[in-house]
Amino acid sequence: MDFVRIESAFHSVRLRTKVLIGLTVGFLAAVVWVDLYFSRLVDRKLQQGPFAGSLAIYAASRSVEVGDAFTRDAVVAQLRQSGYTESDSNRIGHYRVDGDAVDVFPGEQSYFSTEPATLKFRDGHITDVLDGMKHTPIESYSLEPQPIATLDAGDNGKRRLVAFPEIPKNLVNALLAIEDKHFFAHPGFDPMRIIKSAYVDIKSARKEQGGSTLTMQLARNLYLDADKSWRRKASELAITLVLEQKLSKEKIFELYANQVYLGRHYGFTIKGFGEAAHVFFRKDLSQITLPEAALLAGLVQRPSYFDPVNHVERATERRNVVLAMMEQNAFITADAAQAAEAQPVKLAPPAADSSSAPYFLALATNELQSHLNDTRDASLSRVYTTLDLELQHAAVEAVQMGIAEVDKRLAHRKSEDDARPQVALLALDPHTGEVRAAVGGRNFAISQVNHILSKRQPGSVFKPFVYAAALSPGKDGATKFTPASTVVDEPTTFRFGNATYQPGNFGEEFHGRVTLRNALAKSMNVAAVRVAEQIGYRRVVDLAKAAGINNNLQPTPALALGAYEATPLEMAGAYTVFANQGEYVQPSFVTEALSSTGKVAYRDAPARRRVLETPVAFVMQDMLQEVLRSGTAASVRSRGLTVDAAGKTGTSRDGWFAGFTGDLLCIVWVGYDDNRDLDLEGAKSALPIWAEFMKRASQIRQSAAHLPGPPPGVVSVAIDPTTGLRAGPDCLSRRNEFFVEGTAPTRTCSHDFNDDPNFFKADMPALPPQPDLTIPQEVPQ
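Residues numbered from 1 in each chain as written. Predicted model: local features only at pLDDT ≥ 70, side-chain atom pairs only at ≥ 80, totals over all residues. Heavy atoms only, no water.

A. Representation of the nonpolar core within the structure. Among the nonpolar cores identified, the biggest contains 132 residues, and L425, F465, F578, W690 and F693 are the most heavily contacted of them. Ignoring sequence-local partners within four residues, the contact set of F578 consists of P464, F465, A468, L612, A617, M620, Q621, L624 and F660. One finds I167, A257, F273 and I332 within the second-largest nonpolar core, a separate group that totals 49 residues. (Core = buried A, V, L, I, M, F, W, Y, C linked by side-chain atoms within 4.5 Å. Buried < 20%, exposed > 50% of the residue type's maximum accessible area, 1.4 Å probe, protein only. Contact = heavy atoms within 4.5 Å.)

Right under this line is the structure:
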């Protein structure tokens, strides 16, 4: 009997041992499997790069040369923003400051520059640009492009990546004090913090504190979804332990600082403290103050609730809690905490943000999507754009100043809905089509409508295409009009098919017989329609379409006055034919896009085509200069713009100005969203904005090119400016006029032309019958 009991007990112990061994082996196998699974998951993410799905968007490279207004510190700041550091291990590049000189060393990941250079400075200007190897002078040097934004695929997030050494100590301490004070000591999770937070939550009967460490938060943000199940919490803990094994504390902190969600701004998610510092303070993260660091750290708990833009009192209170915790943990003194608490929250004005260029970003994205099926499918990692950050800043400031002037002019008018006019500005290089600055509205935070793409009646900014068609040879190769040709500006009823059209002039002022030069300079409506009628409306349509204006144009009398809608983007492209010696260049926003493997996924090749003969384009340029000399835009000189420029005012229900210098073309539009009448001429609405921008642009680029002189095929002849005849010895006045070779007048004003009733009649063929078309509403001036 005892033997049976002993044997039974032995079998029981052996069975339990087997079960225990099995459970232990199973547990260890599970631990090993979990460790391997999550270890591989983390390894894969780290190998790809934790932000591998991000798309970095860069501005155009800045080329510097001797004489540029640039300080040493400004160059260093730009290099830092482009990713350069003082460490020679940086793969983008590094720099070295040596007195009044900066040595620049591009790295293997540099985009433009491959050779080192030395820049020397004195009195706020660059005095020398030297080859970094040979130490010999070079003409210019291209600095690394600056980032505009880093976008996260999937959630429309923006971030500015920072390295741990670039994170200010005050921000590190603020985050430790309020989120995880034992971060640099615990193994990834903090048992005491978890117990304390659970106790506080139970005591308050609601979730007051979180038990997650910074590493746990990073694991959740980088690898997991928002599910709150126990399975996800277990995964979070496993990933946390793996991260702590594989990465240093500094690297974990760096990843966290670049990934943490800190709210939304202008329709984008704010990812990381680098982007938050820029959004709220317009500062590089390394430049923020103690109270600013405390404010950013305080956002982590509830970004929307503590948003300083919309809830400044809450944000201030939360900031002060962080400061108190910093004092309690001996990160700052009581005096420092008190001084910081006494400071009001100071945020950068929303409209002052020019470097993020939200309207430009939207246009650049549109361009990419039109050439690629899907930017995400293309796995893009870097996009290099045409944006000039200095000109963008000038554009934003010019729009702010100019639209304030418009508001002041309209302040006496009463509006039931308190609507305010909107604005658009687009500036580009007329020779390459590269867009340098874009402002699509008065405030992106209030309205994301991009008015650069809004179709509106261009008014008189369209008239140059009427005169360009008139100066161009017809099908027979003959030119019927010159700048000195005359037309009668008087009340006229034009018949078109079964319709009649009776345009008026601004202020109902008529000038009688005028030259084409004066008719364009003074923006005379009847004269423009008369010219279009004589050459044929179809010729004007064909020319305008060739210049990139849309297909909605119709050959009617109202065409001559800009009655058919076009966008500011279309008009900017169209004006390149005047600013680029007759050649149309399609506007572009992106120069190149690279895939995640570094291969070129897209490279810009803007459309180009000859629209005007070079001599005709020059004559038109000179006629548009007359608009600024003696015409509707003569006030531009009183606004401080002294460089050579040409352009045209336009007034429909909106205000327009289109103009250019030797290397920059700019279009400005001002009007209401609902198309109500602005009732303010382009010279008083759009022109002031254009003039302010171009003045600032000329100061930024002091070496801006002059407008080109007459090309071969153009002659200068002295004429009588009243009659347009060649100046003779008896003429009371004279001026030099440019003509396409072979078209200058042969008769002189000394002839007794008053007795010849046919003298001024243009030698034009009879007009063919015109079809019945609806003529849109007239646009004055």
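Read on for the rest.
B. Expanded view of the pairing of strand β6 (residues 125-131). Pairing of strand β5 (residues 117-122) with β6 involves 6 bridges; the strand directions are antiparallel. For T118, the partnering residue across the bridge sits in β6 and is L130. Two successive antiparallel strands, β5 and β6, enclose a turn made up of 2 residues, where D123 displays a positive phi of approximately 55°. (Pairing = 2+ DSSP bridges. Helix = DSSP H or I, 4+ residues; strand = E, 2+ residues; numbered from the N terminus.)

C. Region of interest: helix α20 (residues 614-630). The end-to-end C-alpha separation of α20 is 25 Å, in line with the 24 Å expected for 17 residues at 1.5 Å each. Counting buried positions along α20 yields 14 of 17 residues, so the element is predominantly enclosed. (Expected span 1.5 Å × (residues − 1).)

D. Here's a closer look at the environment of T71. Looking at where T71 falls in the secondary structure, it is placed in the loop between β2 (63-64) and α2 (72-81). For the pair T71 and A101, spaced 30 residues apart in sequence, the C-alpha separation works out to 10.0 Å. In contact with T71, other than residues within four places in its own chain, are F121 and G124.

E. Local environment of the pattern of salt bridges. In the structure shown here, the tally under the stated rule is 29 salt bridges. For R72, the salt bridge goes to D73, with nearest N and O atoms at 3.0 Å. Between E166 and R80 there is a salt bridge, with its nearest N and O atoms 3.9 Å apart. Of this pair, E166 sits in the loop between β9 (157-159) and α3 (169-179) while R80 sits in helix α2, placing them 86 residues apart in sequence. R80 gets classed as partly exposed once you look at its relative accessible area, which sits at 27%. A single network of salt bridges, built from pairs that share partners, joins R517, D622, E626, R629, R735 and E737. (Salt bridge = Lys/Arg side-chain N within 4 Å of Asp/Glu carboxyl O.)

F. How the structure looks around unusual backbone geometry. Positive phi outside glycine occurs at R282, with the angle close to 55°. Looking at the element boundaries, R282 is found in the loop between α8 (272-281) and α9 (290-299). With phi around 65°, A330 is a residue other than glycine that occupies positive phi space. Here A330 shows up in the loop between α10 (312-328) and α11 (334-342).

G. Broad picture of the sheet that holds strand β24 (residues 655-660). Sheet architecture is open: 5 strands sit in the order β14-β13-β25-β24-β23, paired in antiparallel fashion. The outermost strands of the open sheet, each flanked by one partner alone, are β14 (435-439) and β23 (646-651). On average, each strand axis in the sheet is inclined to that of its neighbour by 5°, with strand direction left out of account. The sheet contact formed by β24 and strand β25 (residues 665-671) spans 6 bridges and is antiparallel. Paired with W656 across the two strands is W669, which belongs to β25. (Axes fitted to C-alpha atoms, helices over the stretch in contact; angles between N-to-C directions.)

H. Spotlight on helix α16 (residues 525-535). α16 sits mainly inside the fold: 10 of its 11 residues count as buried. Among the residues of α16, N525, V526, A527, A528, V529, R530, V531, A532, E533 and I535 are the ones counted as buried. Those residues of α16 that are buried are in contact with α14 (463-471), β15 (486-489), β16 (494-496), β17 (499-501), α15 (516-521) and α17 (537-546). Immediately beyond the C-terminal end of α16, within one or two residues, lies G536, with a positive phi of roughly 100°.

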